[in-house]
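Fold and contact review
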Amino acid sequence: TQLLEQSPQFLSIQEGENLTVYCNSSSVFSSLQWYRQEPGEGPVLLVTVVTGGEVKKLKRLTFQFGDARKDSSLHITAAQPGDTGLYLCAGSEAAGNKLTFGGGTRVLVKP
Amino acid sequence: NAGVTQTPKFQVLKTGQSMTLQCAQDMNHEYMSWYRQDPGMGLRLIHYSVGAGITDQGEVPNGYNVSRSTTEDFPLRLLSAAPSQTSVYFCASTQRAGLTEAFFGQGTRLTVV
């Protein structure tokens, strides 16, 4: 059974600060996705990374896939209150396999 | 664009009752799945389907049944509800399994008393 562990579970920061969320596993993933979920809504995809060592940027968000494709990180620069939400990583062990989610990191950005 | 539609949004059941959570998608996606989300936790996969007529178990399938008679619909059935099934349930669809984006419904908040 694949297992994705996210850390930290909860992060509270002031507006303008930077933060990093981690997603780790002992399994190798063919791809890894990051989602953001707001209260009362379903998760929404932020990014998909597929190549070991890959770095993707989405405005103030930077996503990195580990060289061995076992881990990933999400870095937010100059966080804003609108970044508040639950961030979830999800991985597919092999193309065509089921999507497994991590436990999530709840981020609170205070104005 | 409706996307993924789940009904109902809220439901209260008594222990032992049965019910069906409905999920429909209008994007002609092959792959559909059901997750449950408990407080402080991520999403755990209950059942999934890679196409009409094909279903398989996820990591927490006990107490739940599914069927996929059409591409559009993927209902989740609770045959005899238990308090441990109190949770928020999400249905998701993707164009195909693997690398493509998963689109989620808004969820069904189920309470079993």
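Before reading further, recall that the structure is shown in the block above.
Residues numbered from 1 in each chain as written. Chains lettered and ligands numbered in written order. Predicted model: local features only at pLDDT ≥ 70, side-chain atom pairs only at ≥ 80, totals over all residues. Heavy atoms only, no water.

Considering the nonpolar core
Counting 20 residues, the largest nonpolar core has Leu19, Leu32, Trp34, Leu74 and Ile76 of chain A as the members making the most contacts within it. Listed by contribution, the elements that provide at least two residues to this core are strand S3 (19–24), strand S4 (31–37), strand S5 (44–49), strand S7 (61–65), strand S8 (71–76), strand S9 (85–92) and strand S11 (105–110) of chain A. Leave out the neighbours within four places in its chain, and Leu32 of chain A touches Leu4, Cys23, Val47, Thr48, Val49, Phe65, Ser72, Cys89, Ala90 and Gly91 of chain A. Judged by nonpolar contacts, the second largest core, of 18 residues, contains Met32, Phe74, Leu76 and Leu110 of chain B. (Core = buried A, V, L, I, M, F, W, Y, C linked by side-chain atoms within 4.5 Å. Buried < 20%, exposed > 50% of the residue type's maximum accessible area, 1.4 Å probe, protein only. Helix = DSSP H or I, 4+ residues; strand = E, 2+ residues; numbered from the N terminus. Contact = heavy atoms within 4.5 Å.)

Points about the packing of aromatic side chains
Counted according to the given criterion, the structure contains eight aromatic pairs over all chains. Taking the centre distance of 6.0 Å and the plane angle of 75 degrees together, the rings of Phe101 of chain A and Phe104 of chain B count as edge-to-face. Of this pair, Phe101 of chain A sits in strand S10 (residues 99–101) while Phe104 of chain B sits in strand S10 (residues 103–104), each in a different chain. For the residue pair Phe101 of chain A and Phe104 of chain B, the accessibility class agrees, reading buried in each case. Each residue in the set Tyr35 and Phe101 of chain A together with Tyr35, Phe90 and Phe104 of chain B is aromatic and connected to the rest through ring pairs, giving one cluster. (Phe/Tyr/Trp six-rings, centres within 6.5 Å; stacked < 30°, edge-to-face > 60°.)

Things to note about the interface of chain A and chain B
It is common to give the size of an interface as the accessible area lost on bringing the parts into contact. Counting residues at the interface gives 22 residues for chain A and 20 residues for chain B. A buried area of about 1,600 Å², summed over both sides, lies between chain A and chain B, and 52% of it is on carbon and sulfur atoms. Where chain A touches chain B, the interface holds zero salt bridges. At the boundary of chain A and chain B, one finds five residue pairs in polar contact (both at pLDDT 80 or more). Put simply, the parts of the chain that give the side of chain A that touches chain B at least two residues each are S4, S5, S9 and S10 of chain A. (Buried area = accessible area lost by both parts, 1.4 Å probe. Salt bridge = Lys/Arg side-chain N within 4 Å of Asp/Glu carboxyl O. Polar contact = N/O pair within 3.5 Å; in protein donor to acceptor, adjacent residues only side chain to side chain.)

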